[in-house]
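Close look at the chain arrangement
Next come the chains, spelled out residue by residue.
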Amino acid sequence: MPASTQQRVIRIGDPGNVPLASLRQVYLGKPSIQVDDSVWTRVVESSDAVLRIVASGDPAYGINTGFGLLAQCRIPDEQLGALQRNLVLSHNAGVGDYLDERVTRLILFLKITSLLQGYSGVRRELIEALLLLLHHDIAPCIPAKGSVGASGDLAPLAHLAATLLGEGNVRYRGDTVRARDALSAAGIEPIELGPKEGLALLNGTQVSTALALAGLFEAEHVFAAAVVAGAMSVDSLKGSVAPFDDRIHRLRRQHGQRQVAAVYRKLLEGSSILTDHADCGKVQDPYSLRCQPQVMGACLDSLVHAANVLEREANAVTDNPLVFADDPSTHEPEVLSGGNFHAEPVAFAADALALAIAEIGSLAERRIALLVDPHMNGDLPAFLVEDSGLNSGFMIAQVTAAALVSENKALAHPASVDSIPTSANQEDHVSMATYAARRLLSMTANAANVVSIELLAACQAIEFHKPLTTSKPLQAAFGKIRSQVPMYEVDRLVAPDIDFVSALIQSGEYYAELIGLLPTTIERSQREEQDD
């Protein structure tokens, strides 16, 4: 199901309760964001509380003090604006390629919903400026590297914040231009930061969370395609449907396994290839065919768990300190310093996603190996092509899949087990969540290419069973590929075909097959029950 090009509207009435499906819409499209009037009340109360603290003269971290190890430095009132501006400029220290615009859009949205909850002490004008960036499709150029995922995603968020000051570069109308020029073209005035506003923009886990969410959404696309590809491989290799029998999976008591087995049964139902060899006498298939519910079910459970963690994080307030406008005991504003910026939950969720993505590709590659191996593929020709020897067929496509799978194995090493102290040992344990999440998009791209190769190979194998046909849903998937990719009768360029099918996968072509199963397609309460 490719993403719709029609602009949708996301209305924010409860900024701490944005559903996962809406976050997916922000990532895949460019929805219009509308904020209910009632939401602004708490924002105004919080910003007023900051002004009262400044007027009182009492020291409050991040409002009238320095930062990190310099927190003991008291800053005069007349320099509070300069303090926040200096913070943003000095923290613009990221390096590397710019983050994808879809990720940047999601970062902006997450920062807006966090600030809208009214615990960050920023003015309404600041949040409205961020909304204008989304409205005018101005994407801050955010270097991908430079955050350790604790004290928030400081460097990348500083690059976002600099845009509001008219500093740095942005993507605007298809070009990379100076932020000041894009703001001017859109009729937006650069903002002057008030007390705490620079810190509120820089502190938080929005970059790590947006990257992890992007990895989740792309992993869903790959997962759905891999289930379709796996079913097609079972059919084309004349595998048994007995391993998908619900009686087996009911006894395992694993949510994902039983759900995925049901999808395989549905996808294979009605195949004349399967019925033709029903009495062949084969007892057991290799694990990559018959253990698909067990492996893919475990991957689905990991996706669901990560989705729950990331949805909570996306709706969290993660800057520091937090401003409580009216303490119940004193009826005075209170500023509390804590550590919500530490992105350990995001790092753990990203690591879990990485393992699932690696396994999805690993299992798919093993099925490709079965399809091309004349010792394992039944009566199919070697490397799925006539005149093997003269033609090499899918020989090197399988090698490509193997290379990508091994790359993903290395990338799947847990990032959260690493830590390195920063800021003169004030920040002595960090999450590495930003890297943990950032590598997911490379991994899903690799896995999409592996599954693309399996789909091409399985379609090729189906050709050799004619006039027998596969099931209706698999025939639809076969027909979509055959609309652009003909059968390999002799050797030809393979890479363009891999690219075409990989693009189908990453567009969400197979997403609709698993609606009601993928985490973004089910309600939070149902996901939490499955994750219990």
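All of these numbers come straight from a predicted model, not from anything done at the bench.

Some details on the pairing of strand S2 (residues 32-35)
Judged by which residues are buried, S2 turns out to be one-sided: Ile33 and Val35 face inward and are buried, whereas Ser32 and Gln34, on the alternate face, are not. As paired elements, strand S1 (residues 9-12) and S2 share four bridges and run parallel to each other. Among the inter-strand pairings, Ile12 is bridged to a residue of S2, identified as Val35.

What to know about the pattern of salt bridges
Enumeration according to the criterion identifies 21 salt bridges in this entry. As a salt-bridge pair, Lys196 and Asp319 come within 3.1 Å of each other at their nearest N and O atoms. Taken as a pair, Lys196 in the loop between helix H7 (179-186) and helix H8 (197-202) and Asp319 in the loop between helix H14 (292-314) and strand S8 (322-324) lie far apart in primary sequence, 123 residues in all. The exposure class of Lys196 is buried, given its relative accessible area of 0%. Classification of Asp319 by relative accessible area gives buried; the value is 2%. In this structure, the salt-bridge partner of Arg524 is Glu311, at a minimum N-O distance of 2.8 Å. In this pair, Arg524 sits in helix H20 (residues 524-530) while Glu311 sits in helix H14, placing the two residues 213 residues apart along the sequence. Of the residues examined, Arg524 reaches a relative accessible area of 26% and is grouped as partly exposed.

Looking at a nonpolar patch on the surface
There is a patch of nonpolar side chains on the surface, built from Met395, Ile396 and Val399 and spanning about 250 Å² of accessible area. By the secondary structure assignment, Ile396 is in helix H16 (residues 395-411). Taking the relative accessible area as the measure of exposure, Ile396 reaches 51% and is therefore exposed.

Thoughts on the pairing of strand S6 (residues 169-172)
Alignment of strand S4 (residues 139-140) against S6, held across two bridges, turns out to be antiparallel. Pairing of Ala139 across the sheet is with Arg171, part of S6. Relative to strand S7 (residues 175-178), S6 runs antiparallel, the two sharing four bridges. Opposite Arg171, over in S7, you have Thr176 as the bridge partner. Linking two consecutive strands that pair antiparallel, namely S6 and S7, is a turn of two residues; a positive phi of about 50° is found at Arg173 within it.

A short note on the sheet that holds S4
Pairing within the open sheet is antiparallel, and its three strands lie in the order S4-S6-S7. The outermost strands of the open sheet, each flanked by one partner alone, are S4 and S7.

Concerning the packing of aromatic side chains
In this structure the tally under the stated criterion is four aromatic pairs. Relative to Tyr488, the ring of Phe394 lies with its centre 5.0 Å away and its plane at 70°, an arrangement referred to as edge-to-face. One end of the pair, Phe394, is in the loop between helix H15 (344-372) and H16; the other, Tyr488, is in the loop between helix H18 (472-482) and helix H19 (495-506), and 94 residues separate them in sequence. Phe394 gets classed as buried once you look at its relative accessible area, which sits at 3%. A residue is classified by how much of its surface remains accessible, and Tyr488, at 6% relative accessible area, is buried. Across the ring face of Tyr511, the terminal group of Arg24 is positioned such that the distance to the ring centre comes to 3.8 Å. Taking NZ or CZ as reference, Arg492 lies 3.8 Å from the ring centre of Tyr488, over its face.

A closer look at helix H3 (residues 80-90)
By the burial criterion, the buried members of H3 are Leu80, Leu83, Gln84, Leu87 and Val88. Down the axis of H3, the buried side of the element spans an arc of 130°, and every buried residue falls inside it. Against helix H2 (40-56), helix H6 (154-164) and H8 lie the buried residues of H3.

Describing the nonpolar core
Judged by nonpolar contacts, the single largest core of 167 residues is most densely connected at Leu23, Phe109, Leu213, Phe223 and Tyr510. Per element, the largest residue contribution to this core is 20 residues, and it comes from helix H9 (residues 206-236). Ignoring sequence-local partners within four residues, the contact set of Phe223 consists of Val260, Met296, Cys299, Leu300, Leu303, Ile360, Leu514 and Leu518.

Considering the side chain of Asn64
By the secondary structure assignment, Asn64 is in the loop between H2 and H3. Classification of Asn64 by relative accessible area gives buried; the value is 0%. Within the local environment of Asn64, its side chain forms a polar contact with the backbone nitrogen of Ala60, the two atoms lying 2.7 Å apart.

So, unusual backbone geometry
The general pattern is negative phi for most residues beyond glycine and trans for most peptide bonds. Of note, the bond from Asn320 into Pro321 is cis; its omega dihedral lies within 30 degrees of zero at 0°. Considering the arrangement of structural elements, one finds Pro321 in the loop between H14 and S8. Residue Pro467 follows Lys466 across a cis peptide bond; omega there is 15°. Tracing the sequence through the fold places Pro467 in the loop between helix H17 (433-463) and H18. Not every positive phi belongs to a glycine, and Arg253 is a case in point at roughly 65°. Among the secondary structure elements, Arg253 is positioned in the loop between helix H10 (246-252) and helix H11 (255-268).

Some details on H2
Compared with an ideal rise of 1.5 Å per residue, which puts 17 residues at 24 Å, H2 spans 25 Å between its outermost C-alpha atoms and is within 8% of the ideal. Looking only at H2, the buried set comprises Trp40, Val43, Ser46, Ser47, Ala49, Val50, Ile53 and Val54. Contact partners of the buried residues in H2: S2, H3, helix H4 (101-115), helix H5 (124-135), S8 and strand S9 (334-336). Downstream of H2 by a residue or two, Gly57 has a phi angle that is positive, lying close to 85°.

Some details on the environment of Arg265
By secondary structure assignment, the location of Arg265 is in helix H11. Judged by its relative accessible area of 32%, Arg265 is partly exposed. Separated by 22 residues in sequence, Arg265 and Pro243 have C-alpha atoms that sit 9.7 Å apart. For Arg265, the residues in contact, after removing those within four places along its chain, are Phe244, Asp245 and Asp246.

Thresholds, definitions, all that
- Residues numbered from 1 in each chain as written.
- Predicted model: local features only at pLDDT ≥ 70, side-chain atom pairs only at ≥ 80, totals over all residues.
- Heavy atoms only, no water.
- Buried < 20%, exposed > 50% of the residue type's maximum accessible area, 1.4 Å probe, protein only.
- Helix = DSSP H or I, 4+ residues; strand = E, 2+ residues; numbered from the N terminus.
- Pairing = 2+ DSSP bridges.
- Salt bridge = Lys/Arg side-chain N within 4 Å of Asp/Glu carboxyl O.
- Patch = residues over 30% accessible without salt bridge, like charges linked within 9 Å, V, L, I, M, F, W, Y side chains within 5 Å.
- Areas by Shrake-Rupley, 256 points an atom, 1.4 Å probe, with all protein chains shown as cover.
- Phe/Tyr/Trp six-rings, centres within 6.5 Å; stacked < 30°, edge-to-face > 60°.
- Lys NZ or Arg CZ within 6 Å of the ring centre and 35° of its normal.
- Arc of directions from axis to C-beta.
- Contact = heavy atoms within 4.5 Å.
- Core = buried A, V, L, I, M, F, W, Y, C linked by side-chain atoms within 4.5 Å.
- Polar contact = N/O pair within 3.5 Å; in protein donor to acceptor, adjacent residues only side chain to side chain.
- Expected span 1.5 Å × (residues − 1).

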